[in-house]
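# Reading the structure
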Amino acid sequence: MWRRLYLLLLLVRVYFALSPSYIHPDEHFQSLEVIAGDIFGWETTRTWEFSSVKPIRSVFPLWLAYGLPMQLLHLITGDDAPSATLIYYTLRILFLVASFVFEDWAIQELVTSPRHRQTALLLVASSYVTWAHQSHTFSNSVETIAVAWALVLIRRIYKSKDSALLASALLGCVSVFGVFNRITFPAFIFLPMLRLVPHYVKHPLAFLVMGSFGFLIAFIGIYMDTAFYHPPTLPRPSFLSLDISSKVITPLNNLIYNSNTSNLALHGLHPRYTHFLINLPQLLGPATLTALVSSQFTFPMLSAVSGTAILSVFQHQEARFLMPCVPLILCSMQLPRARIMRKIWITVWIIFNMALGLLMGVYHQGGVVPMQNYIAEHLGNATSVIWWKTYSPPTWLLGKMNERCSTVDLMGAKRNVVEERLEQEKGGCGVESGEMKSKETYLVAPLAMNAEKDVGSGKQLYRLQEVWVYRSHLGLDALDFDFEEDGVLGAVMKVWDSRGLGIWRVEDPADESCTKAVDYDI
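In this text the structure is predicted, and so the values were computed from the model without any measurement.

Cut-off values and rules
- Every residue gets a number counted from 1 within its own chain, in the order that chain's sequence is written.
- Given that this is a predicted model, residues contribute local features only at a pLDDT of at least 70 and side-chain atom pairs are listed and counted only at 80 or more, while totals for whole chains, interfaces and linings are drawn from all residues.
- For side-chain calculations, the full set of non-hydrogen atoms in the structure is used, while hydrogens and water are omitted.
- Think of it this way: any DSSP run of H or I at least four residues long counts as a helix, any run of E at least two long counts as a strand, and we number them from the N terminus.
- Only protein chains enter the calculation, and the probe is 1.4 Å; a residue is then buried if its accessible area is under 20% of its type maximum, exposed if over 50%, and partly exposed in between.
- The term nonpolar core refers to a set of buried residues drawn from Ala, Val, Leu, Ile, Met, Phe, Trp, Tyr and Cys, joined through side-chain atoms within 4.5 Å.
- Axis lines are fitted through C-alpha atoms, for helices just across the contact stretch, and the angle between N-to-C directions can take any value from 0 to 180 degrees.
- Relative orientations are named as follows: roughly parallel for angles under 35 degrees, roughly antiparallel for angles over 145 degrees, roughly perpendicular for angles from 65 to 115 degrees, and oblique for any other angle.
- Crossing handedness follows the turn of the near helix against the far one: under a right angle anticlockwise gives a left-handed crossing, and clockwise gives a right-handed one.
- In what follows, residue pairs with any heavy atoms lying within 4.5 Å of each other are defined as contacts.
- Each residue gets one of three labels, nonpolar for Ala, Val, Leu, Ile, Met, Phe, Trp, Tyr, Cys and Pro, charged for Asp, Glu, Lys and Arg, and polar for the others, Gly among them.
- Patches in this entry comprise residues that are over 30% relatively accessible and not in a salt bridge; like charges within 9 Å are linked, as are nonpolar side chains (Val, Leu, Ile, Met, Phe, Trp, Tyr) within 5 Å.
- Accessible areas in this description were obtained via Shrake-Rupley with a 1.4 Å probe; residue shielding takes into account the shown protein chains only.
- A side-chain nitrogen of Lys or Arg and a carboxyl oxygen of Asp or Glu constitute a salt bridge if their distance falls within 4 Å.
- Whenever a nitrogen or oxygen atom comes within 3.5 Å of another N or O atom, the pair is scored as a polar contact, on the condition that within protein one atom can donate a hydrogen and the other can accept it, and that pairs from neighbouring residues in sequence are kept only if both atoms are in side chains.
- The rule for pairing is simple: two strands pair if DSSP sees at least two bridges between them.
- To estimate the expected span of a helix, subtract one from its residue number and multiply by 1.5 Å.
- Pairing of aromatic rings covers Phe, Tyr and the six-membered ring of Trp, with a centre-to-centre limit of 6.5 Å; geometry is then stacked below 30 degrees between planes, edge-to-face above 60, and tilted otherwise.
- We count a charge as sitting over a ring when the NZ of a lysine or the CZ of an arginine lies within 6 Å of the ring centre and within 35 degrees of the ring normal.

Time to look at unusual backbone geometry. Backbone phi values are negative for most residues with the exception of glycine, while trans is the configuration of most peptide bonds. You will see that Ala 164, though not glycine, has its phi angle at about 55°, which is positive. Residue position: Ala 164 is located in the loop between α8 (139–159) and α9 (165–181). For Ala 164, a relative accessible area of 12% gives the class buried. Here the phi dihedral of Met 411 falls at roughly 50°; this positive angle occurs in a residue that is not glycine. Structurally, Met 411 is set in the loop between β2 (406–409) and α21 (415–425).

Before going further, it helps to spend a moment on the nonpolar core. One finds Leu 171, Ile 329, Leu 330 and Met 333 to be the most contacted residues of the largest nonpolar core, which totals 70 residues. Per-element tally for this core: the top contributor is α8, with 11 residues. Ranked by size, the runner-up nonpolar core spans 33 residues in total, among them Leu 62, Met 70, Val 369 and Trp 396.

What follows concerns the packing of helix α1 (residues 2–17) against helix α5 (residues 84–110). Running from N to C, α1 and α5 cross one another at 150°; their axes reach a closest spacing of 9 Å. Between α1 and α5, the interaxial angle falls into the category roughly antiparallel. Judged by the sense of rotation from one axis to the other, the crossing of α1 with α5 is right-handed. For the pair α1 and α5, the contacting residues are Tyr 6, Leu 10, Arg 13, Val 14, Phe 16 and Ala 17 in the first and Arg 92, Leu 96, Ser 99, Phe 100 and Asp 104 in the second. Looking at the contact of α1 with α5 residue by residue, the classes come out as 7 nonpolar, 1 polar and 3 charged.

For the rest of this paragraph, the subject is a nonpolar patch on the surface. Together, Leu 18, Ile 93, Val 97, Val 101, Phe 102 and Trp 105 make up an exposed nonpolar region whose accessible area comes to about 480 Å². A relative accessible area of 30% means that Ile 93 is categorised as partly exposed.

With respect to the helices and strands, Asn 140 occurs in helix α8. Polar contacts involving the side chain of Asn 140 include one to the side chain of Arg 320, which spans 3.0 Å. Apart from residues no more than four positions distant in its own chain, Asn 140 is found in contact with Arg 182, Arg 320, Phe 321 and Met 323.

A complete count under the given rule lists 11 salt bridges for this structure. Across the salt bridge formed by Asp 38 and Arg 46, the nearest N and O atoms sit 3.5 Å from each other. When its relative accessible area of 34% is taken as the criterion, Asp 38 is described as partly exposed. The structure contains a network of salt bridges with shared partners spanning Asp 26, Glu 318 and Arg 320.

To continue, consider the environment of Thr 119. With respect to the helices and strands, Thr 119 occurs in helix α6 (residues 114–125). On the accessibility criterion, Thr 119 (25% relative accessible area) is partly exposed. With 214 residues separating them along the chain, Thr 119 and Met 333 place their C-alpha atoms 9.5 Å apart.

Bringing the packing of α9 against helix α10 (residues 185–194) into the picture now. Where α9 contacts α10, the axes come no closer than 8 Å and their chain directions differ by 145°. On α10, the residues touching Leu 171, Val 174, Ser 175, Gly 178 and Val 179 of α9 are Phe 185, Pro 186, Ile 189 and Met 193. When the residues that make up the contact of α9 with α10 are grouped by side-chain class, the tally is 7 nonpolar, 2 polar and no charged.

As a further point, take the pairing of strand β1 (residues 384–387). Here β1 shows no split at all, with Ser 384 and Ile 386 on one side and Val 385 and Trp 387 on the other all buried. Where β1 lies against β2, 4 bridges are found, and the strand directions are parallel. Bridge assignment links Trp 387 to a residue of β2, and that residue is Asp 409.

Between its terminal C-alpha atoms helix α17 (residues 299–311) stretches 18 Å, which fits the 18 Å expected from 13 residues at 1.5 Å a residue. What α17 keeps buried is the set Phe 299, Pro 300, Met 301, Leu 302, Ser 303, Ala 304, Ser 306, Gly 307, Thr 308 and Leu 311. Taken together, the buried residues of α17 touch α5, α8, α10, α15 (274–284), α16 (287–294) and α18 (325–330).

Within the structure shown, the criterion is met by 20 aromatic pairs. Residues Phe 102 and Trp 105 carry aromatic rings whose centres are separated by 6.5 Å and whose planes lie at 20° to one another, so their mutual orientation is stacked. Taken together, the residues Phe 102 and Trp 105, both in helix α5 and 3 residues apart, mark about one turn of the helix. The exposure class of Phe 102 is partly exposed, given its relative accessible area of 38%. With a centroid separation of 5.7 Å and 75° between ring planes, the pair formed by Tyr 128 and Phe 352 is classed as edge-to-face. Taken together, the residues span a long stretch of sequence, with Tyr 128 in helix α7 (residues 128–133) and Phe 352 in helix α19 (residues 339–363) at a distance of 224 residues. Through a chain of ring-to-ring contacts, three or more aromatic side chains come together here, namely Trp 2, Tyr 6 and Phe 100. Looking at Arg 195, its charged tip hangs above the ring of Tyr 158, at a distance of 6.0 Å from the centre.

Let's shift gears to α8. Helical geometry note: an α-helix holds 3.6 residues per turn, so side chains three or four residues apart project in the same direction. Between the first and last C-alpha of α8 there are 30 Å, a value that for 21 residues agrees with the 30 Å anticipated at 1.5 Å per step. Summarising burial for α8: 17 of the 21 residues are buried, a large majority.

All right, on to the environment of Glu 466 then. Here Glu 466 is to be found in strand β6 (residues 463–470). Judged by its relative accessible area of 11%, Glu 466 falls in the buried class. Distance in space between the C-alpha atoms of Glu 466 and Val 506 is 9.1 Å, their sequence separation being 40 residues.

Here we come to the environment of Arg 404. With respect to the helices and strands, Arg 404 occurs in the loop between β1 and β2. Along the backbone, Arg 404 and Ser 384 are 20 residues apart, and their C-alpha atoms lie at a distance of 8.5 Å. With near-sequence residues (within four places) excluded, Arg 404 lies in contact with Gly 380, Ala 382 and Thr 383. A polar contact is formed between the side chain of Arg 404 and the backbone oxygen of Gly 380, at a distance of 3.2 Å.

Right, dumping it as structure tokens:
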């Protein structure tokens, strides 16, 4: 019975992997945006993490996780670069497969009791974090698998009666890779690694092997970062020189940056209890309290406590930073023993994950990626696309179109600022007397913003013509709740009715050659 349920949950994971929700800009701008531009020569956006004097993100794990699949797709498609849409969904499926194979495999090794192992696998497979977050191209998704396998290797070494040279070598590789992927990685293995101190005191050769292989991976990472951040147009330092200042050591830069509270303040400071009291319950729902009262202090639980406690020292705290904790805690806890309580718990667990799964895995900024794909496929003559009240649009999805089309991100600008920009950028329909016009401008905005309301403040400075609407989109930042006027249910229904992301052609009112054509995608 549990195997059928497990396979059914696999289908659920496939569904969410193919759903184009957009949880956080980092899933694009700290991964695909950088590598796609480098491999295919597209004009893409490089954020400050990659463009500052002391870059804090390593390209070493990016090339392994994203670059190799892109290169393989490039070889398959021949001289022409594969479409950005194909790349996007291929990587989503690859992340799903990596989660299904490596994450679940690690759980089977970490949980020794067969009965408890079945429960752990089902809990992880039914978590909305597994459905939505783990299939997205986050560095946190990679970190989750790296942490799980570091714990597998630590447990193998801890249980081994010999020196465990192979496991030690692999642990050195995984650990250093994890550090280059995310500087938060050591927090999750700090306490579990302390259990290996007696082993390495007894077997110093194993410790030397672990350090040697770790040094090798660090050498490769530093070499790739130094080469990447010193392009051929700039003089490259001799990599074999002893001058450390000439090397680009991104994990060190990252640690120095995040150790400065004034830097963290730029991204938002949170109380130090945020991870424990807000973020974990947000990720685990009813499992939070259950884990607190029933968890066994195993290697996974030790790792989860270690990671959460150490990361709580730093005041910039986002829920996704604790993604590795989710499978670790779920495979360490026990469900209520009383039959009635167990049924109630399972019911609450299902409702919690279905609700958060649909919100984060389907609707959250769900129109941004489809909109970019639509622009690339159907609006090839566009010269400017203005985005308002959405997450930053991933420009890599436009491919070569970026060479002739500018993407303007107005973020949360006030309506009058948007109107001024649209008045400046207004164009025609794009075709006049068989010739393409010089300017073809579009506006992308949530339907909830009612972009066509009071256009030009009654002066008809520009005209908006709907082109396409994607309904499976909710921008939580743009929601307008009015519980006093509409009531709770009325406010929720109002938000639901206004869901969707639209694109409008920005036209000059004097141009009467356009006819209205609207496409709706439900």
